[in-house]
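Spelled out from the first residue to the last, the chains are:
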Amino acid sequence: GVLNLYHSDAQRDAFARRGNAMRLAGADAELLDADAVRRMLPFLDFDNARFPIKGGLLQRRGGTARHDAVVWGYARGASARGVDIIQNCEVTGFVRDGDQLFVQHRGQTLGTIQAGKVGLAVAGSSSRVAEYAGLRLPIESHVLQAFVSEAIKPLIPGVVTFGAGHFYISQSDKGGLVFGGDID
């Protein structure tokens, strides 16, 4: 699950509103007090911290998906529908000739790639590659910054966010603690 910690009465009230909105939308959400959070995560510093933990908003079915598993899932689905997937072939531009689109690239010597339709599946490079085709996407790309520890025995039962500082921690399938923050 995902547990968002709160550290003040105002944050508790905001999380209560968020939880109510989640339930209205059909998602599960539970507002926990400090004792309930302590039972889940007894190793956290509840009382002596600069931002004492007063409780949290828990979504038991929430979590994270491994990004590579998601990408390969989309790739399998696209391939099953007849999409040609070309790996290790960086797109450097597009050229239009009537209804045809030619992909300029560097990497393997594949010759000219001609396509009636092109799908962009390039994550953080989407806005840059779309510009090659003269498209401006209504998105912003941001650098993902995270830290992963060596593997340890299971400790974190899901994703825990620190409400006062834009920080999260989770544990990977391989046992590494994943720390990240801010906009990712």
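Residues numbered from 1 in each chain as written. Predicted model: local features only at pLDDT ≥ 70, side-chain atom pairs only at ≥ 80, totals over all residues. Heavy atoms only, no water.

Novice: For this particular structure, what's the right way to read the pairing of strand β7 (residues 146-151)?
Specialist: Of all six residues in β7, zero are buried; the element is thus mostly exposed. As defined by bridge partners, β7 adjoins strand β10 (residues 176-181) across four bridges and the pair is classed as antiparallel. Across the sheet, the residue bridging to Val148 is Val178, located in β10. (Buried < 20%, exposed > 50% of the residue type's maximum accessible area, 1.4 Å probe, protein only. Helix = DSSP H or I, 4+ residues; strand = E, 2+ residues; numbered from the N terminus. Pairing = 2+ DSSP bridges.)

Novice: Help me understand helix α3 (residues 67-80), please; the structure alone is not making it clear to me.
Specialist: Since the α-helix packs 3.6 residues into each turn, any two residues three or four apart lie on the same face. Counted at 1.5 Å a residue, the expected span for α3 with its 14 residues is 20 Å, and the 20 Å between its end C-alpha atoms agrees. Of the residues flanking the end of α3, it is Gly82, one or two places downstream, whose phi is positive at about 95 degrees. (Expected span 1.5 Å × (residues − 1).)

Novice: Any chance you could explain the sheet that holds strand β2 (residues 30-33) here in plain terms?
Specialist: In space, the seven strands of this open sheet follow the order β2-β3-β1-β8-β9-β10-β7, with mixed pairing throughout. Unpaired on one side and paired on the other, β2 and β7 mark the two borders of the sheet. Direction aside, the axes of adjacent strands within the sheet are offset by 20 degrees on average. Judged from the three bridges that link them, strand β8 (residues 159-162) and strand β9 (residues 167-171) form a sheet pairing that is antiparallel. The partner of Thr161 across the bridge, within β9, is Tyr168. Against the sheet, helix α1 (residues 9-24) contacts β1 (2-6), β2 and β3 (55-59), and its axis sits at roughly 150 degrees relative to β1. (Axes fitted to C-alpha atoms, helices over the stretch in contact; angles between N-to-C directions. Contact = heavy atoms within 4.5 Å.)

Don't take any of this as a statement about function, it's just geometry.
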